[in-house]
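# Structure assessment
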Amino acid sequence: MSYKLTLRTLTLVSTLILALSLIPTLRRLTLLTHHIAPTMTYTREQQIALLAVQRAAILTKAVYKTSAKGTLSKSDASPVTVGDFGAQALIISALKHNFPDDEIVAEEEASDLRSNTALRDQIWAHVQETRLQDEDAEKELGGPIPSVERMVDVIDMGGSKGGASGRIWTIDPIDGTKGFLRGGQYAVCLALLVDGQVKVGVLGCPNLPVDDTARLEASIGQDQTDEGKGVLFSAIEGQGALSRPLTDGPLADGKKIAMRGVTDIAKAIFCESVEAGHSSHGDQAAIAKKLGITNASVRMDSQAKYGSIARGAGDLYLRLPVSQTYQEKIWDHAAGVVIVNEAGGKVTDVAGKPLDFSKGRTLADNKGVVAAPKDVHEQVLAAVKDVLGVKA
Ligand SMILES: Nc1ncnc2c1ncn2[C@@H]1O[C@H](COP(=O)(O)O)[C@@H](OP(=O)(O)O)[C@H]1O
Ligand SMILES: [Mg+2]
Ligand SMILES: [Mg+2]
Ligand SMILES: [Mg+2]
């Protein structure tokens, strides 16, 4: 009896010792699956980004339909509207709820709203009204912002300096604000940088056709209807690029997109900014001519250009600098670049260097943008260098 008891005690003690000795290994394993798995796949980040962009686009569409868009002129004479502020508030609120430790580089800041309470209240009215129809998805984003004061504070949470380390989200709540005001193209843009590399990108383009195969059309501005319009582009580094309809309801499934194979560069469709002050239409025309391209350029505002070439509606996007001092902003390119790369494209500056997102809020080490299918990028870049060289 006492022998049996000792044996049982011994077995119990040794099982206990074994279990205790396994704890560090088990803990390491859980940490591994917890930390490495999500950051390697970025599925959750993409899901939240898609929903956040979708919700922000619902707001911008509602603002577009109102006559009072509350346009202010910023210090660089560029416009900002109720739509830009409201979309930024909703996106930051969703990011803070899901990823409280991540940094945020966003285009807008709230100082004007602290003195202009009329504009602040106009934004608040839209922010309060905007919900995702899908209640679970709305909950995933943390639900509504609780007060107008909180909304103003949230808008100001995008002031990170950016840089080469850690997780940094970058937001352009309305890219192509001038296009938005004209009824042209605009995009709600969100991307995640990890140690200076773009890992996830989402573009919401309410005025592009849903149909990935629709012919690319110049879109300077017209009265927009929602009929057949609205697309969400997304990409995770190394996992391809997707498009899906941008609706007000539950997220549709994504479809893989790819750039067109260009066999004859003379037949390529190239797109550029509407605004002549944002890129050199003259240099771009000279480059197209050098490549034998006779089709007129397709002019449209915003990163809708990146999305359009990524799905093969166009082929090239040229953004040649107009000024030697202007530095491109990271939020104007991050999402578009990962989407084009993942669709089989290549994006560099005019010197052939990849865009470097690790330099802070701007692409301080780059000048201009040349985006093309991988196979023809070198040929396009040679024409760019030729034209710029001739000018110098
Ligand atoms: N001088 C300049 N050169 C290049 N880009 C400029 C510029 N001045 C403003 N921009 C940027 O051009 C963006 C629009 O690009 P596009 O011409 O392709 O539509 C603007 O984004 P916002 O509309 O978000 O302010 C703004 O950041
Ligand atoms: Mg702006
Ligand atoms: Mg922009
Ligand atoms: Mg903007």
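From a predicted model like this one, the values you see are computed outputs, not experimental measurements.

Rules used throughout
- Residues numbered from 1 in each chain as written.
- Chains lettered and ligands numbered in written order.
- Predicted model: local features only at pLDDT ≥ 70, side-chain atom pairs only at ≥ 80, totals over all residues.
- Helix = DSSP H or I, 4+ residues; strand = E, 2+ residues; numbered from the N terminus.
- Buried ≥ 20, exposed ≤ 12 C-beta atoms within 10 Å, placed from the backbone.
- Contact = placed C-beta atoms within 7 Å.
- Pairing = 2+ DSSP bridges.
- Axes fitted to C-alpha atoms, helices over the stretch in contact; angles between N-to-C directions.
- Parallel < 35°, antiparallel > 145°, perpendicular 65-115°, else oblique.
- Near = placed C-beta within 6 Å.
- Nonpolar A, V, L, I, M, F, W, Y, C, P; charged D, E, K, R; others polar.
- Domains from an automatic or database assignment.
- Core = buried A, V, L, I, M, F, W, Y, C linked by C-beta atoms within 7 Å.
- UniProt positions renumbered as here; feature names shortened; annotations may be inferred.

The next point concerns the overall build of the protein chain. Counting secondary structure elements, the protein chain contains twelve helices and 14 strands. Sorting the 392 residues of the protein chain into buried and exposed places 47% on the buried side. Pairs at least 24 residues apart make up 74% of the contacts formed inside the protein chain by residues separated by at least 6 positions.

Taken across its five residues, strand β8 (residues 241–245) has four buried, putting it largely inside the fold. In the sheet, strand β7 (residues 229–236) pairs with β8 via five bridges, with the strands oriented antiparallel. Considered in β8, the bridge of A235 is made with A241. Linking two consecutive strands that pair antiparallel, namely β7 and β8, is a turn of four residues; a positive phi of about 80° is found at G238 within it. Here β8 runs beside strand β9 (residues 255–257); their pairing, made up of three bridges, is antiparallel. Bridge pairing in β9 links S243 to K255.

At a minimum axis distance of 8 Å, the contact between helix α3 (residues 82–98) and helix α7 (residues 148–155) shows a crossing angle of 85°. With respect to their mutual orientation, α3 and α7 come out roughly perpendicular. Every residue of α7 that contacts α3 at F85, Q88, A89, I92 and S93 is listed here: M151, V154 and I155.

Take the site of ligand 1 next. The full set close to ligand 1 counts 18 residues, and G176, T177, S273, H278 and D301 are the nearest of them. Secondary structure elements with two or more residues in the shell around ligand 1: β4 (167–175) and α8 (177–182). Considering only residue class, the shell around ligand 1 consists of two nonpolar, nine polar and seven charged. Residues from two domains meet in the shell around ligand 1; each of domain 1 (42–257) and domain 2 (265–391) gives at least three.

Now for the environment of L190. Topologically, L190 is positioned in strand β5 (residues 187–194). Looking at L190, the number of C-beta atoms within 10 Å reads 32, which means it is buried. Look past the residues within four positions of L190 in its chain and what remains in contact with it is A49, A52, V53, I91, W169, I171, V202 and A335.

The next subject is the nonpolar core. Core analysis: the biggest nonpolar cluster contains 109 residues, and A52, L190 and I339 have the highest contact counts within it. No other element matches helix α2 (residues 43–65), which puts eleven residues into this core. No fewer than three residues from each of domain 1 (42–257) and domain 2 (265–391) sit in this core.

Per the UniProt record, the feature "binding site: Mg(2+)" (unreviewed entry) sits at E107, D172, I174, D175 and D332. Spanning 226 residues, the annotated positions come together in the fold, the maximum distance between their C-alpha atoms being 9.8 Å. In this structure, D172 sits in strand β4. We classify D172 as buried; it has 32 C-beta atoms within 10 Å. Setting aside residues no more than four positions away along its own chain, D172 makes contact with E107, C189, W331 and D332. Mapped onto the elements of the fold, D332 is located in the loop between β12 (316–319) and α11 (334–342). If we ignore the near neighbours within four places in the chain, the residues touching D332 are D172 and D175.

Here the focus is the sheet that holds strand β14 (residues 369–373). Strand order across the open sheet formed by five strands is β11-β10-β12-β14-β13, with mixed pairing between neighbours. The open sheet is flanked by β11 (298–299) and β13 (345–348), the only strands paired with a single partner. In this sheet, β12 lies alongside strand β10 (residues 270–272) in parallel orientation, the contact comprising two bridges. Bridge pairing in β12 places F270 opposite L316. Lying over the sheet, α11 contacts β13 and β14, oriented at roughly 145° with respect to β13.

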